[in-house]
Amino acid sequence: MTLNRKMLEENEMNGYAGYARNDQYNEKVVERIAQHYSAILRELGEDPEREGLKKTPERVAKALQFLTHGSDLDPAQVLRSAMFREDYSQMVIVKDIELYSLCEHHILPFFGKCHVAYIPKGQIVGLSKIPRVVDAFARRLQVQERLTVEIRDCIEATLQPIGVAVVIEAQHMCMVMRGIQKQHSIATTSAFTGEFNVEKTRAEFMRLIGRANPVG
Ligand SMILES: [Zn+2]
């Protein structure tokens, strides 16, 4: 895969990685996915040649490449690009990070908010990098549980802080749209390391993001 890496790096330098619409794709992959999508449309009883659908296979192919391009990014490198030595050892929280991902079971969106905290041990990271890490892991075929743990582990391994906390609250279109009578239910997942395994610290974090402390 497939997105033009130079384009991604330019976006990265401009501060738009994962956010900017990316208009460069691997044309061969687009073509192959589009062919499959024409076949899918026919299987659904549609006419892929009718006006409204004519460009749909190609559009879907591009959208899917964009929505999974996180696999081409290196989130640890995103962090390493902006790490600084600093004797600050209070909790750093980035809350309400918008999150958009794709459920790997249904290839339908799940979306919501991610809250991240860490307690530095001599190293801090530019705050804008945390949402980029979230985005790099979210722009893949995912499950919410794994996404939560991957974000935690990346920050833990790269910054080596005193502790990391990640909470994700998301709505899954595969639940909302498929007739299950839980249309407003939100799935919450959390993952902690180090100091955040201490009840008092975790409770403070949960209070600061405005949530009840999870059991455990
Ligand atoms: Zn699903």
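Keep in mind that this is a model prediction, so the values were computed, not measured. Here the residue index of a chain counts from 1 through its sequence in written order. Two thresholds apply to this predicted model, a pLDDT of at least 70 for residue-level local features and 80 or more for giving and counting side-chain atom pairs, whereas whole-chain, interface and lining totals are computed over all residues. Side-chain numbers come from the whole structure's heavy atoms, not from hydrogens or water.

**Here we look at the packing of aromatic side chains**
Between the rings of Phe, Tyr and Trp (Trp by its six-membered ring), a pair exists once the centres lie within 6.5 Å; its type follows the angle of the planes, with under 30 degrees stacked, over 60 edge-to-face, and the other angles tilted. By the definition in use, this model includes three aromatic pairs. Centroid distance Phe192 to Phe205: 6.4 Å. Interplanar angle 80°. Geometry classified as edge-to-face. Pair noted here: Phe192 is in strand β7 (residues 187-192) and Phe205 is in helix α8 (residues 199-208), with a separation of 13 residues, a long-range link. Any residue under 20% of the maximum accessible area for its type is buried, any over 50% is exposed, and the rest in between are partly exposed; the area is computed with a 1.4 Å probe on protein chains only. Using a relative accessible area of 0% as the deciding quantity, one classes Phe205 as buried. With a centroid separation of 5.7 Å and an interplanar angle of 75°, the aromatic rings of Phe196 and Phe205 are classed as edge-to-face. In terms of burial, Phe196 and Phe205 fall into one category: buried. By way of ring pairs, the aromatic residues Phe192, Phe196 and Phe205 are connected into one cluster. Residue placement shows Arg202 over the ring face of Phe192; its charged tip is 5.0 Å from the ring centre. Working definition: helices are DSSP H or I runs of at least four residues, strands are E runs of at least two. Numbering for both runs from the N terminus. To sit over a ring, a charge needs its Lys NZ or Arg CZ within 6 Å of the ring centre and within 35 degrees of the ring normal.

**Structural notes on unusual backbone geometry**
Positive phi is not limited to glycine here, since Asp96 has a value of about 60°. Residue placement: Asp96 occurs in strand β2 (residues 92-103). Residue Asp96 is classed as partly exposed on the basis of its relative accessible area of 36%. In this model, Gln160 sits at a positive phi of 45°, which is unusual for a non-glycine residue. Of note, Gln160 is situated in the loop between α6 (144-159) and β6 (163-172). We classify Gln160 as exposed; its relative accessible area is 52%.

Treat this as a map of the structure, not an account of what it does.
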